[in-house]
Amino acid sequence: MSAPDPLALPGLPKDEQGPIFAEPWQAQAFALAVRLNAENAFTWPDWAVALSRELARHPDDDGSGYYLHWVSALEALATERGLVTAHDLVSRKDAWANAYRRTPHGKPVELPMT
Amino acid sequence: MHDHDHDHGQEPLPDIALRVKAPESLLVDKGLVDPAALDAIVDHYEHKVGPRNGARVVARAWSNPAYRERLLADATAAISELGYTGGQGEHMIAVENGPGVHNLVVCTLCSCYPWPVLGLPPVWYKSSAYRSRAVIDPRGVLAEFGTVLDAETEVRVWDSTAEIRYLVIPERPEGTNDLDEAQLAVLVTRDGMIGTSRL
């Protein structure tokens, strides 16, 4: 139908004024890093180093994997700083998955009290 | 009623979403973060900050020479005059386009970006291609954005850091002498303030 967009050249992905966060988890991960910095759990330069490290591992990323790398940086920095342990992250993730499987549709998903 | 439905739970969220819920809920349980504060941050970035803030800064600089001087001398202070301040303690620098000079902003290491005035960065700003190529071949990158500069125009590339963020003051378009500040602000685009476009 439409003619090829002359600006849509390969290499640089373009975006218009789309949503800021594509999915809720991106917003949650973003807010967690900003809040932990505000609570002095780490400095913003420390965060930039952690994020840069993750981004450097994905030299082909077109920006769409950005918040995936953001989450990896958050996990790495939070465990480095002793805020959480790697073991707790895994077991808590499993606990959430199980909570979803156990909870009927329409009911709020909650972790069992332990 | 179908009693057996009671045993049917929900499909868990995608793995990545569970990976975020894990540290979030652990940190909330430990009292290290307040869930209401997380909601407030998301609301702030989704609804309250964005390129409109930067556009107001640029429009004021265009129409008020004294403000322009202050912006170029100390952008952090001049921007905070309009009520826009950064949460990460970053230092702002304003760089001005003019005849023979074009400025382009990148963050080669990650995605440092002037959040208080531009909101959160577009996807392409975070791409590996932009982060690497803006420095190596700025004219080529600008051409892909439809910004073709003549050979005499100097391109200045500014590499942001966690501490220093840049805002480009684009050239005021011709024929806008009769416009007031609010009307001028409408003309200022996000990409113009990153430097990938001219107005």
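Residues numbered from 1 in each chain as written. Chains lettered and ligands numbered in written order. Predicted model: local features only at pLDDT ≥ 70, side-chain atom pairs only at ≥ 80, totals over all residues. Heavy atoms only, no water.

1. A short note on the overall build of chain A
Link 1 in the chain: Looking only at helices and strands, chain A has four helices and zero strands in total.
Link 2 in the chain: Walking chain A from its N terminus toward its C terminus, one meets helices and strands in the order α-α-α-α.
Link 3 in the chain: The buried share of chain A, taken over its 114 residues, is 44%.
Link 4 in the chain: Look at the contacts in chain A between residues 6 or more apart in sequence, and 41% of them connect residues 24 or more apart.
Link 5 in the chain: Of the roughly 6,500 Å² that chain A leaves accessible, carbon and sulfur atoms contribute 56%. (Helix = DSSP H or I, 4+ residues; strand = E, 2+ residues; numbered from the N terminus. Buried < 20%, exposed > 50% of the residue type's maximum accessible area, 1.4 Å probe, protein only. Contact = heavy atoms within 4.5 Å. Areas by Shrake-Rupley, 256 points an atom, 1.4 Å probe, with all protein chains shown as cover.)

2. Considerations on the domain arrangement of chain B
Link 1 in the chain: Here the domain parsing of chain B yields domain 1 (18-48) and domain 2 (50-194).
Link 2 in the chain: For domain 1 of chain B and domain 2 of chain B, the distance between their C-alpha centroids amounts to 30 Å. (Domains from an automatic or database assignment.)

3. Observations regarding the packing of aromatic side chains
Link 1 in the chain: Within this structure, the stated rule accounts for 20 aromatic pairs over all chains.
Link 2 in the chain: Centroid distance Tyr 45 of chain B to Trp 115 of chain B: 5.4 Å. Interplanar angle 80°. Geometry classified as edge-to-face. Residue Tyr 45 of chain B is found in helix H2 (residues 35-48), and its partner Trp 115 of chain B is found in helix H6 (residues 115-118); the two are separated by 70 residues along the sequence.
Link 3 in the chain: An aromatic cluster of three or more residues is present, and its members are Phe 21, Phe 30, Phe 42, Trp 44, Trp 47, Tyr 66, Tyr 67 and Trp 70 of chain A together with Tyr 45 and Trp 115 of chain B.
Link 4 in the chain: Lying across the ring of Trp 96 of chain A, Lys 21 of chain B places its NZ or CZ 4.2 Å from the centre.
Link 5 in the chain: Here the guanidinium or amino end of Arg 60 of chain B rests over the ring plane of Tyr 67 of chain B, the centre of that ring lying 5.9 Å away. (Phe/Tyr/Trp six-rings, centres within 6.5 Å; stacked < 30°, edge-to-face > 60°. Lys NZ or Arg CZ within 6 Å of the ring centre and 35° of its normal.)

4. A closer look at the confidence of the model for chain B
Residues and elements named next belong to chain B.
Link 1 in the chain: For chain B, per-residue confidence averages 91 on the pLDDT scale, and residues scoring 70 or more make up 95% of the total.
Link 2 in the chain: Mean pLDDT in chain B bottoms out at H2, which sits at 88, and peaks at helix H4 (residues 65-73), which reaches 98.
Link 3 in the chain: The model gives residues 1-6 a pLDDT under 50, and that stretch makes one contact with residues more than four places away or in other chains. (pLDDT = per-residue confidence, 0-100.)

5. Some remarks on the environment of Arg 198 of chain B
Residue and element names in this part refer to chain B.
Link 1 in the chain: Mapping Arg 198 onto the fold places it in the segment after helix H10 (190-194).
Link 2 in the chain: Accessibility expressed as a relative area gives 46% for Arg 198, which makes it partly exposed.
Link 3 in the chain: As for Arg 198 and Ala 134, which are separated by 64 residues in sequence, their C-alpha atoms are 16 Å apart.
Link 4 in the chain: Excluding anything up to four places from it in sequence, Arg 198 contacts His 102, Thr 147, Val 148 and Leu 149.
Link 5 in the chain: Side-chain polar atoms of Arg 198 contact the backbone oxygen of Val 148, separated by 3.0 Å. (Polar contact = N/O pair within 3.5 Å; in protein donor to acceptor, adjacent residues only side chain to side chain.)

6. Here we look at the nonpolar core
When a protein is soluble and globular, its nonpolar side chains tend to lie buried together.
Link 1 in the chain: Core analysis: the biggest nonpolar cluster contains 87 residues, and Phe 30, Trp 47 and Trp 70 of chain A together with Leu 71 and Tyr 130 of chain B have the highest contact counts within it.
Link 2 in the chain: Top contributing element to this core by residue count: helix H1 (residues 24-38) of chain A, with nine residues.
Link 3 in the chain: Both domains that meet at this core, namely domain 1 (18-48) and domain 2 (50-194) of chain B, each give it at least three residues.
Link 4 in the chain: Ignoring sequence-local partners within four residues, the contact set of Leu 71 of chain B consists of Val 57, Ala 61, Ala 78, Ile 79, Ala 94 and Ile 169 of chain B.
Link 5 in the chain: Trp 96, Ala 97 and Tyr 100 of chain A together with Leu 18 of chain B belong to the second largest nonpolar core, which has six residues in total. (Core = buried A, V, L, I, M, F, W, Y, C linked by side-chain atoms within 4.5 Å.)

7. Remarks on empty space enclosed by the protein
Link 1 in the chain: Going through the model one piece at a time under the given rule, you end up with one cavity of 30 Å³ or more.
Link 2 in the chain: The volume enclosed by the largest cavity comes to roughly 70 Å³.
Link 3 in the chain: Along the walls of the largest cavity sit Trp 44, Trp 47, Ala 48, Leu 51, Tyr 66 and Trp 70 of chain A together with Cys 110, Ser 111, Cys 112, Tyr 113, Trp 115 and Arg 165 of chain B, which together make up its complete lining.
Link 4 in the chain: Broken down by secondary-structure element, the contributors of at least two residues to the lining of the largest cavity are helix H2 (44-56) and helix H3 (66-80) of chain A.
Link 5 in the chain: Its residues assigned to classes, the lining of the largest cavity comprises 10 nonpolar, one polar and one charged. (1 Å grid on protein atoms, 1.4 Å probe; cavity = no way out; pocket = protein on both sides within 12 Å on 5 of 7 lines; lining within 4 Å. Points joined across faces, edges and corners; volume = space filled by probe spheres on them. Nonpolar A, V, L, I, M, F, W, Y, C, P; charged D, E, K, R; others polar.)

8. Here we look at the interface of chain A and chain B
Link 1 in the chain: Contacts between chain A and chain B engage 62 residues on the former and 56 residues on the latter.
Link 2 in the chain: Both faces considered, chain A and chain B share a buried interface measuring about 5,400 Å² in area, 67% of it formed by carbon and sulfur atoms.
Link 3 in the chain: The interface formed by chain A and chain B holds three salt bridges in total.
Link 4 in the chain: Here Lys 93 of chain A makes a salt bridge to Asp 15 of chain B, at a shortest N to O gap of 2.4 Å.
Link 5 in the chain: Viewed at the interface, chain B and chain A are joined by 17 residue pairs in polar contact (both at pLDDT 80 or more).
Link 6 in the chain: Among the secondary structure elements, those contributing two or more residues to the side of chain A that touches chain B are H1, H2, H3 and helix H4 (86-102) of chain A.
Link 7 in the chain: By residue number, the principal contributor to the side of chain A that touches chain B is H1 of chain A, which donates 11 residues.
Link 8 in the chain: Residue composition of the side of chain A that touches chain B, grouped by class: 35 nonpolar, 12 polar and 15 charged. (Buried area = accessible area lost by both parts, 1.4 Å probe. Salt bridge = Lys/Arg side-chain N within 4 Å of Asp/Glu carboxyl O.)

9. Comments concerning the environment of Pro 108 of chain A
Link 1 in the chain: Tracing the sequence through the fold places Pro 108 of chain A in the segment after H4.
Link 2 in the chain: For Pro 108 of chain A and Tyr 66 of chain A, which are 42 residues apart along the polypeptide, the C-alpha to C-alpha distance reads 29 Å.

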